Amino acid sequence: MNLLNRPRRLRTSDSLRKMVRETRISKESLIYPLFAVDGEGIVEEIPSMEGQYRYSVDRLSVIMDRLMEAGVEKILLFGIPAHKDGYGSQAYDENGIIQRAVRYIREYYPSVYVITDVCMCEYTSHGHCGILDGEYVDNDKTLEYLNRIALSHVRAGAHMVAPSDMMDGRIGAMRQALDEAGFETVPVMAYSAKYASAFYGPFREAAGSAPAFGDRKSYQMDYHNRKEALKEVKLDIEEGADIVMVKPALSYLDIIREVADRHDLPVAAYSVSGEYAMIKAAAKAGHIDEEKVMCESAVSIYRAGADILITYYAMELAGCMDQGKIG
Ligand code: PBG
């Protein structure tokens, strides 16, 4: 047959397929979310997230050593405090769980790049991401607290802060607070397009951060919306964000693509707890091949336009890259 175009020509060998690959990924762009918990001697598995654990500071070496070995040297730290109150005061306590975890990691794992999640929901007794006025989260009051939290993280040694609260104006306010304190070189990774998502379910169990009443729809975004995500991203960039994030990832690949096409700064995607839990559960039931689905999902997020991937599978993905299965 006289066929001029034969796309299959470029698929005839593994070596050729790898040569013409369009999406290249590397371990350098992986970030592992890590849960540090108050207490001692704790390494406890999170029931909703098989294979993921909470670690007390004295046991953090368990996971840090594994990360080092896998070549994953970026972490996104979450803290789970022993005490919660209406103002989330443990979140900005100099000796809070995050602050101690950051100091420990900076001291014993100097090559690790430490990013902290800046939010209040793990620290407030009501589980909302800010300061309440009745049942409404008071935006402007919350900003003052978020700044205090961010500054305390950076003073403890965090390299980068990642506000995940979705309050209006928080990036500008945080940038100004950091600059005034002399931290003008500390970047802000903004959870810019963060949707009110049921995919966070397992995380809330992990962090004990489910809201005590209501939901997060008055601050996180409605998943019917696309333009609103672009607006949020634009505002965060104008306010000084260094990296913008889309979250969750898999159900929002269209948003990742559009943000990447429109803007020139790095785009991060957070493949959240529910995405991880779905793959785990389906694999456990024997319905899918865990490793293959993990790889395909991760690559799809990069292909959509993400430069950085935050994922609970970071170590396993790094292993697959080492073996040449993806990359
Ligand atoms: C805190 C925060 C959440 C996640 C990251 N930061 C939970 C939420 O907004 O309810 C979710 C992460 C995940 O599901 O893996 N605001």
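Heads up: the structure comes first, above all this text.
Residues numbered from 1 in each chain as written. Predicted model: local features only at pLDDT ≥ 70, side-chain atom pairs only at ≥ 80, totals over all residues. Heavy atoms only, no water.

K.L.:
Could you give me a rundown of the layout of surface pockets, with the residues and numbers involved?
P.N.:
Its boundaries defined by the atoms lining it, the largest pocket holds a volume of some 280 Å³. What lines the largest pocket is a set of 13 residues, and nearest its centre among them are Cys295, Glu296, Val299, Lys325 and Ile326. Within the lining of the largest pocket, the residues separate by chemical class into four nonpolar, three polar and six charged. (1 Å grid on protein atoms, 1.4 Å probe; cavity = no way out; pocket = protein on both sides within 12 Å on 5 of 7 lines; lining within 4 Å. Points joined across faces, edges and corners; volume = space filled by probe spheres on them. Nonpolar A, V, L, I, M, F, W, Y, C, P; charged D, E, K, R; others polar.)

K.L.:
Describe the packing of helix H7 (residues 227–238) against helix H8 (residues 253–262), naming the residues involved and giving the relevant values.
P.N.:
Contact geometry for H7 and H8: axes closest at 10 Å, N-to-C directions at 40 degrees. Taken together, the axes of H7 and H8 are oblique relative to one another. Regarding H7 and H8, the two cross each other, and that crossing is right-handed. Facing Ala229, Leu230 and Val233 of H7, the residues of H8 in contact are Ile255, Glu258, Val259 and Arg262. Taken together, the residues that form the contact of H7 with H8 break down as five nonpolar, no polar and two charged. (Axes fitted to C-alpha atoms, helices over the stretch in contact; angles between N-to-C directions. Helix = DSSP H or I, 4+ residues; strand = E, 2+ residues; numbered from the N terminus. Parallel < 35°, antiparallel > 145°, perpendicular 65-115°, else oblique. Left-handed = near helix turned anticlockwise from the far one by under 90°. Contact = heavy atoms within 4.5 Å.)

K.L.:
Could you give me a rundown of empty space enclosed by the protein, with the residues and numbers involved?
P.N.:
Applying the stated criterion across every chain yields a total of two cavities of 30 Å³ or more. By volume, the largest cavity amounts to about 150 Å³. Around the largest cavity sit 20 residues that line it, and Cys121, Lys194, Tyr200, Phe203 and Lys247 are the ones nearest its centre. Of all elements in the fold, only strand E9 (189–194) and helix H6 (201–207) reach the threshold of two or more residues within the lining of the largest cavity.

K.L.:
Please give an account of unusual backbone geometry that cites residues and values.
P.N.:
Of note, the bond from Lys247 into Pro248 is cis; its omega dihedral lies within 30 degrees of zero at -10 degrees. Checked against the element boundaries, Pro248 lands in the loop between strand E10 (243–247) and H8. Even without being glycine, Met166 reaches a positive phi, approximately 70 degrees. Structurally, Met166 can be placed in the loop between strand E8 (160–163) and helix H5 (170–180). For Met166, a relative accessible area of 3% corresponds to the buried category. (Buried < 20%, exposed > 50% of the residue type's maximum accessible area, 1.4 Å probe, protein only.)

K.L.:
Describe the environment of Phe183, naming the residues involved and giving the relevant values.
P.N.:
With respect to the helices and strands, the residue Phe183 is situated in the loop between H5 and E9. Sequence-wise, Phe183 and Glu28 are 155 residues apart; in three dimensions their C-alpha atoms are separated by 24 Å. Phe183 has contacts with Leu151, Val154, Arg155, Arg175 and Leu178, leaving out every residue within four places of it along the chain.

K.L.:
Go over the side chain of Ser164 with me, naming the residues and quoting the values.
P.N.:
Within the element layout of this structure, Ser164 appears in the loop between E8 and H5. In this structure the side chain of Ser164 is engaged in a polar contact, spanning 3.1 Å, whose partner is the side chain of Asp117. In this view, Ser164 contacts Asp117, Val118, Cys119, Arg170, Tyr191 and Lys194; residues no more than four positions away in its chain are not counted. (Polar contact = N/O pair within 3.5 Å; in protein donor to acceptor, adjacent residues only side chain to side chain.)

K.L.:
Can you explain the packing of aromatic side chains? Please cite residues and give values.
P.N.:
Applying the stated criterion across every chain, the model contains 14 aromatic pairs. Pairing Phe35 with Phe203 gives two aromatic rings, centres 5.5 Å apart and planes at 50 degrees, and the pair type is tilted. Highlighted residues: Phe35 in strand E1 (residues 30–37) and Phe203 in helix H6, separated in sequence by 168 residues. Like Phe203, Phe35 is buried. The ring of Tyr200 has Lys247 lying over it, and the distance from NZ or CZ to the ring centre is 4.4 Å. (Phe/Tyr/Trp six-rings, centres within 6.5 Å; stacked < 30°, edge-to-face > 60°. Lys NZ or Arg CZ within 6 Å of the ring centre and 35° of its normal.)

K.L.:
Lay out the environment of Ala162 with the relevant residues and their values.
P.N.:
Counting through the fold element by element, Ala162 comes out in strand E8. Residue classification places Ala162 among the buried positions, given a relative accessible area of 0%. Here the alpha-carbon distance between Ala162 and Ala190, two residues 28 residues apart in the chain, equals 5.5 Å. Once you skip the residues sitting within four places of it in the chain, Ala162 turns out to touch Leu76, Ile115, Thr116, Asp117, Val118, Met189 and Tyr191.

K.L.:
Account for H8, with residues named and values stated.
P.N.:
For H8, the full list of buried residues reads Ile255, Ile256 and Val259. Axial view of H8: buried residues confined to an arc of 100 degrees, hence all on one face. Contact partners of the buried residues in H8: E9, H7, E10, strand E11 (267–271) and helix H10 (290–303). (Arc of directions from axis to C-beta.)

K.L.:
Describe the packing of helix H9 (residues 273–284) against H10, listing the residues and the values that go with them.
P.N.:
Direction vectors running N to C along H9 and H10 enclose 155 degrees, while the axes themselves pass 9 Å from each other. In terms of their interaxial angle, H9 and H10 are classed as roughly antiparallel. Classified by chirality, the crossing of H10 by H9 is right-handed. Contacts from Ile279, Lys280 and Ala283 in H9 reach Glu290, Val293, Met294 and Ser297 in H10. Classifying every residue of the contact of H9 with H10 gives four nonpolar, one polar and two charged.

K.L.:
An account of the site of the ligand is needed here, citing residue identities and associated values.
P.N.:
Taken together, 18 residues lie near the ligand, and Lys194, Arg204, Lys247, Ser273 and Tyr312 sit nearest. A distance of 3.3 Å separates a nitrogen atom of the ligand from a polar atom in the side chain of Ser164. Take Lys247: an N or O atom from its side chain is 3.3 Å from a nitrogen atom of the ligand. Coverage of the ligand by the protein chains reaches 100% of its 400 Å² of free accessible surface. Grouping the amino acids of the shell around the ligand by side-chain chemistry returns 10 nonpolar, three polar and five charged. (Near = heavy atom within 4 Å. Areas by Shrake-Rupley, 256 points an atom, 1.4 Å probe, with all protein chains shown as cover.)

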